[in-house]
Every structure is written in C-alpha cells, then in structure tokens.
Amino acid sequence: MAGQTTSYYTNLRRKNNLLLTCFLFFLCSFSYLLGSWQPRATTSPTSHHTTTINCPTTVPDSHKPLDFTTHHSAATTDNNITLKTYPPCSLKYSEHTPCQDQKISLKFPRARLIYRERHCPEKHQLLKCRIPAPYGYKNPFKWPTSRDLAWYANVPHKDLTVEKAVQNWIRFEGDRFRFPGGGTMFPNGAGAYIDGIGKLINLNDGSIRTAIDTGCGVRLFY
C-alpha cells in the first residue's frame, strides 16, 4: 500500500508540472504575438511643393567706401542730462595710486603690518580731477619689445637699478630701462649657473640626478 501511495503522488506531481509548463508556454506565446502585432497604418498621399527664389545676380561693389556712421540711436526722454567735465590734476598726482597712498598708510598702526595693507580713501578724499601722465611720457614699446624695454620717462625711478644691480633684474640705459631676464640666480644665463653648481657637487657621472637650491628671497627655490 505504501508503494502504491508514493507512485500516485509522483504521477500527480508530474501532471501538475506539465500543466504549469503548458500554461507558461501559452502565456509567453500570447505575449509575444500581442507585442509583435501592429495595426496597419493608413497612408495618405503626400504632396511636394517647390518654391522658386530669385537670387540677385548683381555683385556688390567692393570698391565702394564702407559706411561706419551710426544709423540708429537710443531715444532719450530726459532732456536735462548734463555731462560733467573734470579738470586735470596737479603734476604731483602723476603717480597717484588711490589705495596705496603712502601718506594715508603711515597713519595706520604698525601692529601686524596693518599699515602695509590696502587703504582706499574715504568718499570725501576722492580726487575730482584727471590724473596726468608723467612729464615726458611716451607711448610704450609694442610687443614683444615691451617685454624687454620700458621708457624711463614713463616710470622715472632708478632705485631698483641701484639696489638690485648685482641681481640683474633691471638696467638703466640712456632713456630707457632694460630687463635682461637673468634674474637673481641667473645673471649670466642658465649655463653659467649650472657650471657654478657643478663646482659644488658632482654632475659628471650621473650619480646625482637632482639638486635643490634655495635662495634667501621670496619664492627662491630651484
């Protein structure tokens, strides 16, 4: 009796699995057919319209002078507008820099070097005149000449040429300044600088690949 009961339940389980498989197959097939089915689209005759544009055959005259005059203007409703004109300042203000005025800076405390910060003038201290150019001012050199030269008349100060003479930053030559480009560490060029380093360390056999040179000034690190 036990063997017959086991056989009965086994056959029933197989029958249920078969029915479930058939149902899933039918469901998948129906879903596929439903997704692939599309109603026939009705087509309507299309019409093509062409438009002919007549292009001009005349070529504009290239020798005609260009017209740079204004052909439009903004309408103004206020007729009481007045233009302010400012007279030129005295020549003593030719190097005036509002927020870097030494007389104003010296009035601030020395603590934490506050007097060296930017101190812009108050509203009542603003100049109501046009800053003049230095006496003998000339138009600056054009690029790339302006990279190496500047007129002395435009910046009439020789202090750096004296204080930094050995560092080769700037030279005074007649009526102009020259910027050699050597800098503090390269007054005679990079080649001479490397030769000087070679007198201190061995640069011949490749045993030293990196040399660090720190100077005493700001951002001197080579």
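Everything below is about the structure printed above this text.
Predicted model only: the values in this text are computed from it and were never measured.

K.L.:
How do you make sense of the overall build of the chain when you look at a structure like this?
P.N.:
Scanning the chain for helices and strands turns up four helices and three strands. Listed N to C, the secondary structure of the chain is α-α-β-α-β-β-α in terms of helices and strands. Going through the 222 residues of the chain one by one, you find that 11% of them count as buried. Only carbon and sulfur atoms are counted for the fraction: they give 58% of the accessible area of the chain, which is about 20,700 Å².

K.L.:
Can you walk me through unusual backbone geometry in this structure?
P.N.:
For residues that are not glycine, phi is negative in most cases, and the peptide bond is trans in most cases. Each neighbour pair has its own omega, and for tryptophan 143 with proline 144 the value is 5 degrees, a cis peptide bond. For arginine 112, which is not glycine, the phi dihedral falls at a positive 55 degrees. Assignment of secondary structure puts arginine 112 in the loop between helix 2 (102–105) and strand 1 (149–151). In this structure arginine 112 comes out as exposed when scored by relative accessible area, which is 81%. One non-glycine residue, leucine 113, adopts positive backbone phi at about 55 degrees. With respect to the helices and strands, the residue leucine 113 is situated in the loop between helix 2 and strand 1. Its relative accessible area of 46% is what places leucine 113 among the partly exposed residues.

K.L.:
Please clarify how the sheet that holds strand 3 (residues 176–178) should be interpreted in this entry.
P.N.:
In sheet architecture, strand pairing relies on hydrogen bonds along the backbone and comes in two forms, parallel and antiparallel. Reading across the sheet, the three strands line up as 1-3-2 and stay open at both edges, with antiparallel pairing between neighbours. Two strands bound the open sheet, and with one partner strand each, they are strand 1 and strand 2 (171–173). Averaged over neighbouring strand pairs, the angle between their axes works out to 30 degrees when direction is ignored. Across three bridges, the pairing between strand 2 and strand 3 is antiparallel. Bridge assignment links glutamate 173 to a residue of strand 3, and that residue is arginine 176.

K.L.:
Please clarify how the state of the cysteines should be interpreted in this entry.
P.N.:
Working definition: the covalent bond between the sulfur atoms of two cysteines is a disulfide. In total, this model carries two disulfides according to the counting rule given. Here cysteine 89 is linked by a disulfide to cysteine 129, with a sulfur-sulfur distance of 1.8 Å. With the S-S dihedral at roughly 100 degrees, the linkage between cysteine 89 and cysteine 129 falls on the right-handed side. You can see cysteine 89 sitting in the loop between helix 1 (2–36) and helix 2 and its partner cysteine 129 sitting in the loop between helix 2 and strand 1, a full 40 residues away along the chain. Judged by relative accessible area, cysteine 89 falls into the buried class, the value being 8%. What pairs with cysteine 99 in a disulfide is cysteine 120, and their sulfur atoms sit 2.0 Å apart. For the disulfide bridge between cysteine 99 and cysteine 120, the dihedral angle about the S-S bond is near 100 degrees, and by the sign convention the bridge is right-handed. With cysteine 99 in the loop between helix 1 and helix 2 and cysteine 120 in the loop between helix 2 and strand 1, this pair connects stretches of sequence that are 21 residues apart. Classification of cysteine 99 as buried rests on a relative accessible area of 12%.

K.L.:
Explain the pattern of salt bridges here, please?
P.N.:
Two side chains carrying opposite charge are able to pair once their charged atoms lie near each other. Taken as a whole, this structure holds four salt bridges when the rule is applied. Between lysine 138 and aspartate 175 there is a salt bridge, with its nearest N and O atoms 3.6 Å apart. Separated by 37 residues along the polypeptide, lysine 138 in the loop between helix 2 and strand 1 and aspartate 175 in the loop between strand 2 and strand 3 bring together distant segments of the chain. Residue classification places aspartate 175 among the partly exposed residues on the basis of a relative accessible area of 34%. The shortest N-O distance in the salt bridge between aspartate 148 and arginine 147 comes to 3.8 Å. According to the relative accessible area criterion, aspartate 148 is partly exposed, its value standing at 30%. Residues joined by salt bridges that share partners form a network here, namely Lys138, Asp175 and Arg176.

Rules behind the numbers
Residues numbered from 1 in each chain as written. Predicted model: local features only at pLDDT ≥ 70, side-chain atom pairs only at ≥ 80, totals over all residues. Heavy atoms only, no water. Helix = DSSP H or I, 4+ residues; strand = E, 2+ residues; numbered from the N terminus. Buried < 20%, exposed > 50% of the residue type's maximum accessible area, 1.4 Å probe, protein only. Areas by Shrake-Rupley, 256 points an atom, 1.4 Å probe, with all protein chains shown as cover. Pairing = 2+ DSSP bridges. Axes fitted to C-alpha atoms, helices over the stretch in contact; angles between N-to-C directions. Disulfide = S-S within 2.5 Å. Salt bridge = Lys/Arg side-chain N within 4 Å of Asp/Glu carboxyl O.

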